[in-house]
Structures are given as structure tokens and as C-alpha cells.
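If you want the building blocks of each chain, they are given just below.
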Amino acid sequence: MTIEFGLRGTFACETRISSIIDDELAYAGYSIEELVDNNASFEETIFLLWHLRLPNEDELLAFTEMLNQNMAISDVIEASLKIQCRQNLHPMSVLRSTVSLLGVFDRQAEVSTPEATYEQAINIQSKMPTIIAAFSRLRRGLDPISPRSDLSFAGNFIYMLEGNEPTDVQIEALNKGLVLHADHELNASTFATRVCASTLSDLYSCITTGIGTLKGSLHGGANERVFEMLEGIAENGDTEAYLQKRLDSKEKIMGFGHRVYKTVDPRQKYLKEMAYELTKGTDDEKWYTLSLEVEAFIREKKGLIPNVDFYSATVYHSLDIESDLFTLIFAMSRVSGWIAHVFEQQNENNLMRPRSKYMGPTSLTYVPMADRQVIYKEVN
Ligand SMILES: CC(=O)SCCNC(=O)CCNC(=O)[C@H](O)C(C)(C)COP(=O)(O)OP(=O)(O)OC[C@H]1O[C@@H](n2cnc3c(N)ncnc32)[C@H](O)[C@@H]1OP(=O)(O)O
Ligand SMILES: O=C([O-])CC(=O)C(=O)O
């Protein structure tokens, strides 16, 4: 039997939520092109992922209102964010702990009926932008801003971050970014979330698992490092020398390569276009130009394609979002997909428990302590 480690090419479950077929990404049968080109809202996309169909007008209105009404965070959550920014933690760790804390304070957290889980889902989804914006403001010494009932999900986030009236361009860009990041079949964080759900754990635990997994630099954490790399290149002044040095030392170039896509990441086209549109004629245009140089060099040297994390870094930067919050913006969107996968896992549950191939010694004899010699042996 051939074993592919890292679960490469393995089907771990069936799903109706999203698919990647011939490099085309679709949510419940609607390609991302279909959704983005028709200006689907992020709220509509969440509904699609959770219900596996598009909402009608009344349903979307009611759903949007429900999200909106649940956006405000409690004093306890705000106080915990204040403590966490004093300790200078990584924002993804803060988001992970804070979502976990939302569960601690939800009296219904241990109730796993479909109705209770749906309420928990609304609670988590709607509070993510508020938590992220409040954290960002608190660590800058500013007071958090309450959500507004007349703004969309994307609009509210931008408003709560800086307190200014969001522009149509900003809202459209963030909305598109959120739609593009909402789900992606069985990526590592969604898989981890489903493993947690498969043990019949609660939704807050599942989402905390997802956030912790997305944080890693081989996954969502790459977008933050993409911007660090662009800044490093700008400082160094020589793109090729900078990248070649990293390739020579076998470092991964952040924002390139993908486990599933080998010729194109279909989301990248939109993010690249957005990066161009948002930066042209501004001081940020240099990041777009630099990104083009990096893309050309890495394609030529390694044959690697930019993934969703590459141009999203410039898009988020042009929206005045601090680079260590980039992965949190990803999480604020992907939580919609994680939740959909928890619903699906709960409906068709089967404990996810693969095997590992044991490579160590076997049949050893227990040696009494007095007879043991201390041998420090390399494990690997
Ligand atoms: C939202 C997301 O999660 S998208 C991915 C975000 N992550 C990143 O951008 C981090 C950088 N990229 C990577 O580390 C990888 O491309 C991954 C983890 C995304 C995919 O990993 P894999 O599926 O194992 O990649 P794959 O099998 O195609 O790798 C083939 C070869 O290309 C190399 N490679 C792949 N990506 C990169 C990269 N970004 N930089 C340099 N080399 C790379 C691998 O080291 C491997 O080389 P080898 O054959 O000499 O060992
Ligand atoms: O699918 C993956 O492995 C990573 C990815 O692009 C995503 O999660 O959006």
C-alpha cells in the first residue's frame, strides 16, 4: 500500500459546502467568479455556506439584521482585550483566546441542538469584526467603537477600526476579500475544525481550533509574513538578491505554492486586480509593483504560483489595516466556512481518527531505575 503522508490527495469526508474542480473554486455550486462578478455580499455568502442555497430578499434582510444585532461585545470581553493588549500578545492568539472566552460566557455553549448551535454561530460570526477592531484600537490607546445598525458587515469593520465613515471603495474591496476567503474545501484549519466537531465538542471549541490552525505561517499566517517580506525587500533594495538568498537557504517564500492548485489560485486574479486598483496613483503603488517583481522572479526560479495570501497582503495594507491583523481578517471571513463545516459534520458525524505509522523501537524490556544508565540519545 502506498502511503501519502500529510494526508496529501486523501478524501477525509464528503461535503456540499465548497469544491475545487479543475482549479475552479465554488461555494455550494456557485463559482467564486459567479459570486464576485455579481457583487454578492459577504452576508449572502455566509447564508449560502450555512444553508447551501442563496437567500431570498426577506431572508437576507432578516439574516443581516440578526448578524448586526449580535455584533456588540460585552464589557467582560472588552476588559479581557484590554488585559491582552497590555501583555503584547500576537493578535491571532488574542482572537483565539477571545473566541474561546465568548464560549465561556455563553450559557448555551454546551447545548448542541441545531437551534442552539445556530445561535452560537451567529454570536461568533457577528462578534469577530468587533473583537478585532476593538483590540486594534485598544492597543493604540483608543476606545473601542460600537457597531452601527445601518452598515454592512464589511462597512462596520472599517468603521469600528478607525471611526471614519467607510467609503464605497473600501467597503467593496473588503466585502470582496471576505467573499473570496470564506471557504476552501478541506484546508488545514477547516479539517482541524471538523476533527474537533467529530468528537462532538462545542462550536466555540471547534472555532478556537480553526483559529489556532489558521495562525500557522504555512496556512493563513502567510499573509502577515508576505508584507514583512515586501518591507524587507524594499529596505534591501534588491528584489532578486533578497529572494535568491532565501531560496538558497531553503526558506519558503510566503504567499507562494499551494497543496491543491498547481497552475493558478482562482482567488488570486481578483486580489491582484484589487491590489492594482486600490494602490494605483497612491504611495502604496510601490507594494503592488514590488509584488509583480516577486511574482515574476518566483515563477521563473521555482515555477511556483502566488496563492490567496500574496496579493491580499497589499489589498489589506491599502485599506490601512496593520499587517499583524491580516490573518485575523482572513479568520473573520473563514469562520463562516468553519461554521458551515461544523454544521455538516454534526449532521453526518463520523469520528475523524486516522492512523499513524509507528517508526520507533518495539518490544523493549522495562529496566528498573537502579539499573538504568543515563543515555541522552538523539530522538530524530
Ligand atoms: C491560505 C493558505 O493556506 S495558502 C498557503 C499559504 N502558505 C504559504 O504561502 C507558505 C509558503 N508555501 C508553502 O509552504 C507551500 O507551498 C505549501 C505549504 C502552501 C504547500 O506545500 P506542499 O503541498 O507540501 O507543496 P509542494 O508539494 O507543491 O512543494 C513542492 C516543492 O516546492 C517547494 N515549495 C513549495 N512552496 C514553496 C515556497 N513558498 N517557497 C519555496 N519553496 C516552496 C517545496 O519545498 C517542495 O520542494 P522539494 O520538492 O524540494 O521538497
Ligand atoms: O486550501 C488550502 O490548503 C489553503 C487555502 O488556500 C485556504 O485555506 O484558503
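- The protein chain has the name Citrate synthase in an unreviewed UniProt entry, where Vagococcus martis is given as its organism.
- As its UniProt record puts it under Catalytic activity (unreviewed entry), the protein chain is described as follows: "oxaloacetate + acetyl-CoA + H2O = citrate + CoA + H(+)".

**With respect to the UniProt feature "active site" (unreviewed entry) in the protein chain**
In step 1: The UniProt record annotates "active site" (unreviewed entry) at His258 and Asp309. These annotated residues cover 52 residues of sequence, and their C-alpha atoms lie no more than 10.5 Å from one another, placing them together at a single site.
In step 2: Along the chain, His258 falls in the loop between α12 (239–248) and α13 (266–279).
In step 3: Setting aside residues up to four positions removed in sequence, His258 forms contacts with Asp265, Ile305 and Asn307.
In step 4: On the secondary structure map, Asp309 appears in helix α15 (residues 308–318).
In step 5: Classification of Asp309 by C-beta neighbours within 10 Å gives buried; the count is 29.
In step 6: If we ignore the near neighbours within four places in the chain, the residues touching Asp309 are Ala222, Asn223, Val226, Met254 and Gly255.

**Considering the site of ligand 1**
In step 1: Around ligand 1 lies a shell of 18 residues, among which Ala222, Ile253, Phe256, Gly257 and Arg259 are the nearest.
In step 2: Per-class residue counts for the shell around ligand 1 are seven nonpolar, seven polar and four charged.
In step 3: Looking at which domains feed residues into the shell around ligand 1, each of domain 1 (28–220 + 322–347) and domain 2 (222–318) supplies at least three.

**Points about the pairing of strand β2 (residues 24–27)**
In step 1: The alternating pattern of β2 places Leu25 and Tyr27 on a buried face and Glu24 and Ala26 on a face that is not buried.
In step 2: Of the pairings in the sheet, the one linking strand β1 (residues 18–21) to β2 comprises four bridges and is antiparallel in character. Counted as the bridge partner of Ser18 is Tyr27 from β2.
In step 3: If you look at the hairpin formed by β1 and β2, you'll find two residues sitting between the two strands, and Asp22 has a positive phi there, around 50°.
In step 4: The pairing of β2 with strand β3 (residues 30–31) spans two bridges and is antiparallel. Directly across from Ala26, in β3, lies its bridge partner Ser31.
In step 5: Adjacent in sequence and paired antiparallel, β2 and β3 are bridged by two residues, among which Ala28 carries a positive phi angle near 45°.

The rules we used
- Residues numbered from 1 in each chain as written.
- Chains lettered and ligands numbered in written order.
- Predicted model: local features only at pLDDT ≥ 70, side-chain atom pairs only at ≥ 80, totals over all residues.
- UniProt positions renumbered as here; feature names shortened; annotations may be inferred.
- Helix = DSSP H or I, 4+ residues; strand = E, 2+ residues; numbered from the N terminus.
- Contact = placed C-beta atoms within 7 Å.
- Buried ≥ 20, exposed ≤ 12 C-beta atoms within 10 Å, placed from the backbone.
- Near = placed C-beta within 6 Å.
- Nonpolar A, V, L, I, M, F, W, Y, C, P; charged D, E, K, R; others polar.
- Domains from an automatic or database assignment.
- Pairing = 2+ DSSP bridges.

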